[in-house]
Amino acid sequence: MRSETAPAIRLEDYQPPAYRIDKVHLTVQLDPLETIVKAVLSIVMQPDTAVGTPLVLDGDELTLISARLDGEDLSVSRYEAAPDRFEFFEPPSGPFELSLTTRINPQSNTKLMGLYRSSGTFCTQCEAEGFRRITYFLDRPDVLAVYTTRIEASKADCPVLLANGNLAETGDIEKTGRHFAVWHDPHPKPAYLFALVAGHLAQVPDSFTTASGKAVQLNIYVEHGNEHLCDWAMDSLKRSMRWDEEVFGREYDLDVFNIVAVSDFNMGAMENKGLNIFNDKYVLADPETATDQDYANIEAVIAHEYFHNWTGNRITCRDWFQLCLKEGLTVFRDQEFTSDMRSRPVKRITDVRLLKSHQFPEDAGPLAHPVRPRLYHEINNFYTATVYEKGAEVVRMLKTVVGETGFREGLDLYFDRHDGDATTIEAFLACFEDAAKVDLNQFSLWYEQAGTPLVSVKTRHDPKSQTFSVSLSQEVPPVPGQKSSKPALIPLRFGLIGADGEDIEAISDNGVEIVGDVMLLDKARQEVVFSGLASPPTLSLLRGFSAPVRLSQQQREEDLRFLAAHDNDPFNRWQAVQTLCMQELLRLTGCIRKQETAETSDAVVEVFGSVLRDQNIDAALKSLALTLPSEADIAQEIGKNVDPDAIHSARLLLRKAIAFHHRTELLKAMKDVASTGAYSPDATSAGNRSLANRALHYYAVSGADDAAQLVWEQFTAANNMTDRLACLTLLVHDHLAHGDEALKAYQARHEKSSLAMDKWLMVQATAPGPETLEKVRRLKSDAQLYDVTNPNRVRALLQSFATGNPTQFARTDGAGFELIAESVLEIDKRNPQVASRLLTSFRSWRALDSHRSTLAESALLKISSCEELSRDSRDIIDRTLQ
Ligand code: B3K
Ligand code: ZN
């Protein structure tokens, strides 16, 4: 007997709530095993509600202790309470106060939703539906209330007591050894933004003065001993606050902004009003334990959560289908912040790589869904790359379509018109239609249709008429459960490049609207004809990746080499190198599969020489240009009958050829950017390290006699985590001498830092080679090194194996799939969200060759046959197998 699938929730069934809850007064008496929550709810029946309509509150694993109505005990005949609901029959038709007291057990809360404990600290996670695990409530985002929270706890165990809003009162509870704090949040908010933290935490204080001169107290709370690791996060916070004022005119609105870092957290961080709670991975950093990537992530996540204060908190979602309203927009905002703080082209390339590696496969597989889904069984499974990353791309396209000014005016209108609302995508788009006077009807399809559009391009030059025609067509490949798709409005930024490498101003006529350097594709097939072109230009299409589409364009190798050298759009220069590599990698993979001799193309290898020698691109960009498409990217491009071993071999072959041919230039590149002096996390220094380590990545397999020794020496000499981890990865993944010694040395050095040890687990889990599986199993059973209760450990060891080690996950003996299937079942019992996320690593199973896909299917069927699967995992497994 398999467990039941939860009922589907549909967008079309949305109904406004029958009752409002305007005020919430919570008293939380903290105790690890028996926490008592008294909730006093000020409730009003909505004008359209029929008198006598029952009030049904959500609950999840709750025990009711008492219920009172306007201060009097509520007779048991007037309500029914179960762990998952509280139903009040025939509530008063006028305003009333319902007081409910419930008991919960934070210590046994292994789902890490609701109120739980992380290393002894009490903390909460309420998005999406965690508040109902604290008290009975209308736990939906369109019920907005003003919260006052009184926390009571042992003074010794919990000297720090925090909740949303401003601190109103503190004091001792006489003769009990307990104390209290009262927090008041004047901004009405949905329950998912509620937060509470209590524990033994160190406070790192700072301050910020807003543009209008208001003083805000800033605090980061961390475990004692970690105070010295907060400087970067605090600096990032202050820069985010200033940037949001300068770029979007948004100021902070409370007296205090608190951030708490905890070590057990299901995701990255949470934007609770005035009290952001973070996975410590996105707060703590010093050069010894954090890489440049970690520094960049911290900056971006701190900014993202802070930006939610306006896009998410002051303006929230009407229902969970509108999740992209806050997430897509906030990701767009954090991407812009990073672009301003660092290098815009580098950020764009990094984001597009992420989109292509995470979102494109999602959109091409069984878990595909529109940016705004229409149906869900478990909302936690919709915090996806599609909602976040494609959602941000849609906002970026909106900006392209309505123009810079129209975009800013539309957003200003959105903030004005909807401040304090729980609203929808339609309302958001209407602001841009009104401000920029455009019709976004066709554009809105981006929110409705799943699947990545494929844009096919053909060009033709006619010397007689001196015209250059570009024929374009668009189609969305079939998506399970989606009827045929309509043509979307696709903004294609482009340039026509002359033989001298300069962009040509060309005149076009006919059906395609062109605004500046953007063609607006709006039909299934269209043609643009440019005139006055005696010789054929080179077309640079989809500059800046102006739309989340796949391009099918027959590009000659010489055109790609020309674009790689001359395109004045940095994104497309990078893309040209990637396309060249991808074509070469597909060819090599084909040869290997057919057991033909695979020889690398000298011309492609030489492109890397030109990139290495190019004086005009900065180090970070150069490093990206030298990065080959990942194995997963190649697999995705192949699309079906995928053999990960062949892909791995092809990629290694090309890497070795590049390394062998450019040994001298690689050494020179390393020398040119070698760091002198102390570590600094700034973008330029990080770019230099990135290039040096990229060059070393090639040099390590160049066949040079000193290669392995050089990596080992750099490992031992490294004065920062970025370099140390880069070397460790090479030593282990390329099976160089000293690999085991390096792992031991790293372990000895970092065993006290769990974040650093996560990297150690990850390096081993992602090592290619058949020995990895046994190693992962050994590590998994080592209680000193692995802890199934900690989501970061699970992600470091198992998620990285499943998603970052394609040859071993998809082993031909099925042992990789089995390991992950077993682990999903084990984790699912404790923490469904972490388990279902791990389970999504099977999403591309149908694209594998028939032997491997049969093995994957049997692992999936094993999971599916489990009787006690959580709702989260049941939803993913059903969709993955459909
Ligand atoms: N809003 C949270 C994510 C909540 C996930 C709930 N399963 C973090 C963020 O996107 O900022
Ligand atoms: Zn977010």
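Above this text sits the structure in question.
Note on numbering: residues in each chain are counted from 1, in written sequence order. Naming scheme: in the order in which they are written, chains are lettered from A and ligands are numbered from 1. Given that this is a predicted model, residues contribute local features only at a pLDDT of at least 70 and side-chain atom pairs are listed and counted only at 80 or more, while totals for whole chains, interfaces and linings are drawn from all residues. Computation of side-chain values covers all heavy atoms of the structure but excludes hydrogens and water.

Caption draft 1: Region of interest: the side chain of S540. Relative to the elements of secondary structure, S540 occurs in strand β32 (residues 538-541). For each residue, the accessible area found with a 1.4 Å probe, counting protein chains only, is set against the maximum for its type, and the residue is called buried under 20%, exposed over 50%, and partly exposed in between. Take S540: its relative accessible area is 0%, and that puts it in the buried class. The contact rule is simple, with two residues in contact once any of their heavy atoms fall within 4.5 Å. When residues no more than four places from it in sequence are discounted, the contact partners of S540 are R493, F494, G495, I497, L563, D567 and N572. Numbered from the N terminus, helices here are DSSP runs of H or I no shorter than four residues, and strands are runs of E no shorter than two.

Caption draft 2: Examining the nonpolar core more closely. F86, L98, F428, F443, Y447, L472 and I820 are the most contacted members of the largest nonpolar core, which has 282 residues in total. In terms of residue count, helix α5 (residues 385-418) provides more of this core than any other element does, 12 residues in total. Beyond its immediate stretch of four places on either side in the chain, L98 contacts A39, V40, L41, I43, L55, L57, R68, L74, F86 and F88. Take the buried Ala, Val, Leu, Ile, Met, Phe, Trp, Tyr and Cys residues and link them wherever side-chain atoms come within 4.5 Å; each set so joined is a nonpolar core.

Caption draft 3: Highlighting the packing of aromatic side chains. Whether two aromatic rings pair depends on their centres lying within 6.5 Å, for rings of Phe, Tyr and Trp, where Trp uses its six-membered ring; planes under 30 degrees apart make the pair stacked, over 60 edge-to-face, and the rest tilted. A complete count under the given rule lists 37 aromatic pairs for this structure. Between the aromatic rings of Y414 and F415, the centroid separation amounts to 6.0 Å while the plane-to-plane angle is 50 degrees, which identifies the pairing as tilted. The exposure classification of Y414 matches that of F415, with both residues buried. Pairwise contacts between aromatic rings join W243, F248, Y252, F257, Y306, F307 and F337 into one cluster. Taking the ring centre of F122 as reference, the NZ or CZ of R117 above it sits at 4.7 Å. In our convention, an over-ring charge means Lys NZ or Arg CZ found within 6 Å of a ring centre and within 35 degrees of that ring's normal.

Caption draft 4: Structural context of the coordination of the zinc ion (ligand 2). Water is absent from the atoms considered, so a metal site may look incomplete; donors are defined as N, O and S atoms within 2.8 Å of the metal, or 3.2 Å for Na, K and Ca. The zinc ion (ligand 2) binds to the protein through H304 (NE2), H308 (NE2) and E327 (OE); the donor distances cover 1.9 to 2.1 Å. Mapping the donors of the zinc ion (ligand 2) onto the primary sequence gives the spacing H-x3-H-x18-E. The exposure class assigned to H304 is buried, which follows from its relative accessible area of 7%. For H308, a relative accessible area of 0% translates into the label buried.

Caption draft 5: Summary view of the site of ligand 1. We define proximity as follows: a residue is near a molecule or strand when any one of its heavy atoms falls within 4 Å of that partner. Contacts to ligand 1 come from 14 residues, most closely from E127, A269, E271, E305 and Y388. Under this definition, polar contacts are N or O atom pairs within 3.5 Å; protein pairs additionally need one hydrogen-donor-capable and one acceptor-capable atom, and for neighbouring residues in sequence, both atoms have to be side-chain atoms. Within the contact set of ligand 1, a nitrogen atom lies 2.8 Å away from a side-chain nitrogen or oxygen of E271. In the environment of ligand 1, an oxygen atom lies 2.5 Å from a nitrogen or oxygen atom belonging to the side chain of Y388. For the shell around ligand 1, the elements supplying multiple residues, two or more each, are β20 (269-270), α2 (292-307) and α3 (323-341). Polar here means any residue other than Ala, Val, Leu, Ile, Met, Phe, Trp, Tyr, Cys and Pro, which are nonpolar, and Asp, Glu, Lys and Arg, which are charged; Gly is therefore polar. The residue inventory of the shell around ligand 1, partitioned by class, reads five nonpolar, four polar and five charged.

Caption draft 6: Fine view of the pairing of strand β30 (residues 518-521). Going residue by residue along β30, you find V518 and L520 tucked away on one face and M519 and L521 tucked away on the opposite face as well. Between any two strands, pairing holds if DSSP finds at least two bridges. The pairing of strand β29 (residues 513-515) with β30 spans three bridges and is antiparallel. In the strand pairing of β30, I514 is matched with M519. Here β29 folds back onto β30, and the loop between the two strands holds two residues, one of which, G516, carries a positive phi near 60 degrees.

Caption draft 7: Representation of unusual backbone geometry. The omega torsion of the bond from E127 to A128 falls at 0 degrees, within 30 degrees of zero and hence cis. Relative to the assigned elements, A128 resides in the loop between β11 (121-125) and β12 (145-154). For K437, which is not a glycine, the phi torsion comes out positive at approximately 55 degrees. Here K437 lies in the loop between α6 (425-436) and α7 (445-448). Here K437 falls in the exposed class, since its relative accessible area comes to 69%. If you check the backbone angles, H738 has positive phi at about 80 degrees while not being a glycine. Tracing the backbone through its elements, the reader meets H738 in the loop between α17 (721-733) and α18 (739-750).

Caption draft 8: Local environment of the sheet that holds β11. Across the sheet, which stays open at both edges, the four strands sit in the order β10-β11-β16-β13 with antiparallel pairing between neighbours. Looking at which strands have only one partner, the edges of the open sheet turn out to be β10 (114-118) and β13 (160-163). Going from strand to strand, the sheet's axes swing by 20 degrees on average, the running direction of each strand aside. To obtain each axis, a line is fitted to C-alpha atoms, and for helices this fit is confined to the stretch in contact; angles are then taken between N-to-C directions over 0 to 180 degrees.

Caption draft 9: Inspection of the environment of L819 at higher detail. You can see L819 is positioned in helix α23 (residues 815-828). Judged by its relative accessible area of 0%, L819 falls in the buried class. Distance from L819 to L773, taken between C-alpha atoms, is 8.3 Å for residues 46 residues apart in sequence. Beyond its immediate stretch of four places on either side in the chain, L819 contacts L773, V776, R777, K780 and F801.

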